[in-house]
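Reading the structure
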Amino acid sequence: MLLNQFLFLGAFLFCTGVYGALARKNAVLVLMSIELILNAVNINLVAFGAFRNNPVGQVFALFVIAIAAAEVGVGLAIVLIIYRNRRSIDITGVDLMKG
Amino acid sequence: MVAENIAFGVIALAMAFGAIRVVTTKNVVHAALWLVLVLSGVAANYILLAAEFVAVVQVIVYIGAIVVLFLFGIMLTRAPIGQDSELDNNQRWAALVLGLLLFGVLGSVLAKAFGRQHVHITSVQRTADVADSVFTTYVVPFEVISVLLLAALVGAVVIARRD
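The residue numbering used here restarts from 1 in each chain and proceeds along that chain's sequence as written. Ligands are numbered from 1 and chains lettered from A, in the order in which they are written. Per-residue local features are limited, in this predicted model, to residues with pLDDT of at least 70; the limit for side-chain atom pairs, both in listing and counting, is 80 or more; totals at the level of whole chains, interfaces and linings are taken over all residues.

1. As for the overall build of chain A
Here is the rule: In DSSP terms, a helix is any run of H or I states spanning at least four residues, a strand is any run of E spanning at least two, and both are numbered starting from the N terminus. Radius of gyration here uses only the C-alpha atoms, and the compact-globule reference equals 2.2 Å multiplied by the residue count raised to the power 0.38. Burial is judged by counting other C-beta atoms within 10 Å of a residue's own C-beta: 20 or more means buried, 12 or fewer means exposed, and anything between counts as partly exposed, with every C-beta placed from the backbone. Note that contacts rest on C-beta atoms placed from the backbone: two residues are in contact if these are within 7 Å.
Looking only at helices and strands, chain A has three helices and zero strands in total. Against the compact-globule benchmark of 13 Å for 99 residues, chain A has a radius of gyration of 17 Å, which places it well outside the compact range. Along the longest, intermediate and shortest principal axes, the C-alpha atoms of chain A span 50 × 25 × 25 Å. Relative to its 99 residues, chain A shows a buried fraction of 54%. Long-range contacts, defined as pairs at least 24 residues apart, comprise 44% of the intrachain contacts of chain A with a sequence gap of at least 6.

Here it is as structure tokens:
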């Protein structure tokens, strides 16, 4: 297996996630796009770990998974409070801090 | 070697299609279900790379916990179940251009940097080796992440509580 096939798959997932995070209005869908980005990073970490025959890639992938779980928990709590205050989770309307 | 490449091709095509559907579908619940396909594909890639422990953790944490959390988020915010044409904002063409540009830059850099280097998987990377690494060299980041998870848990409860 080529190293690049995994790296290209990771790059594709990353770019799809960036598109989704920029183009979506619904806050839950933006969080899903961020999960795509984090998974792209994880594929790269594990692929390089296998390439160098070193377990450190897997260790960092596990750290990223733990941080992603924390991020989704706090993110969905924030989405819930936005919904409670505005009765909608359209994030184009959340621009209170816009200069 | 050939079997691995065929497996990778099938999985990668399914993942690419699923990822595109996650960011383009008009139905919020369907987006979560397509996300499940992409996450299982990532787990299958870990198996191909002989990283079994990470693959199992991926299934348990991502598909088991995070997707359920997303579905709860969709339910609690009463997103319209079914078709909804108001999911994309007006900067989607700029976002598409940026995504394609980013993929072009990343792809050309990767092709130049790693060319045709092969991954030689001689044996499965043992979970014991991963555990040794976590609990010796990376024990401080590991403990920091435990505190981070606790802080995120308390923070989520404090933010979402009705007072």
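So, next bit.
2. Here's the deal with the overall build of chain B
Along chain B, the regular secondary structure elements total six helices and zero strands. In sequence order, chain B lays out its α and β elements as α-α-α-α-α-α. In terms of overall dimensions, chain B has C-alpha extents of about 50 × 40 × 25 Å along its principal axes. Sorting the 163 residues of chain B into buried and exposed places 23% on the buried side.

3. Some remarks on the packing of helix α3 (residues 56-86) of chain A against helix α5 (residues 127-135) of chain B
As a reminder, the rule being used: Working convention: axes come from line fits to C-alpha atoms, limited for helices to the stretch in contact. Angles between N-to-C directions cover 0 to 180 degrees. When an angle is under 35 degrees it counts as roughly parallel; over 145 it counts as roughly antiparallel; between 65 and 115 it counts as roughly perpendicular; any other value is oblique. Left-handed describes a crossing in which the near helix is turned anticlockwise from the far one by less than a right angle; the clockwise case is right-handed. Under this grouping Gly is polar, as are all residues other than the nonpolar Ala, Val, Leu, Ile, Met, Phe, Trp, Tyr, Cys and Pro and the charged Asp, Glu, Lys and Arg.
Across the interface, α3(A) lies against α5(B) with an axial gap of 9 Å and an inter-helix angle of 70°. What the angle tells us is that α3(A) and α5(B) run roughly perpendicular. Like other packed secondary-structure pairs, α3(A) and α5(B) cross with a definite hand, here right-handed. Along its contact with α3(A), which presents Val56(A), Gln58(A) and Val59(A), the element α5(B) presents Val130(B), Ser133(B) and Val134(B). The residue makeup of the contact of α3(A) with α5(B), split by class, is four nonpolar, two polar and no charged.

4. What about the domain arrangement of chain B?
What counts here: Segment limits for the domains were obtained from an automatic or database-derived domain assignment.
As far as domains go, chain B holds domain 1 (1-82) and domain 2 (126-163). In this structure, domain 1 of chain B and domain 2 of chain B have C-alpha centres spaced 23 Å apart.

5. Points about the interface of chain B and chain A
Across the contact, 74 residues belong to chain B and 60 residues belong to chain A. Residue assignment for the side of chain B that touches chain A shows that the elements contributing at least two residues are α1 (2-24), α2 (28-48), α3 (52-76), α4 (92-114), α5 and α6 (139-160) of chain B. Per-class residue counts for the side of chain B that touches chain A are 54 nonpolar, 14 polar and six charged.

6. A look at the nonpolar core
Rules: Any set of buried Ala, Val, Leu, Ile, Met, Phe, Trp, Tyr and Cys residues joined through C-beta atoms within 7 Å is what this text calls a nonpolar core.
In this structure, Val28(A), Met32(A), Val46(A), Ala47(A), Val22(B) and Val38(B) are the most contacted members of the largest nonpolar core, which totals 63 residues. Elements with a contribution of two residues or more to this core: α1 (3-23), α2 (27-51) and α3 of chain A together with α1, α2 and α3 of chain B. No other element matches the 14 residues that α2(A) contributes to this core.

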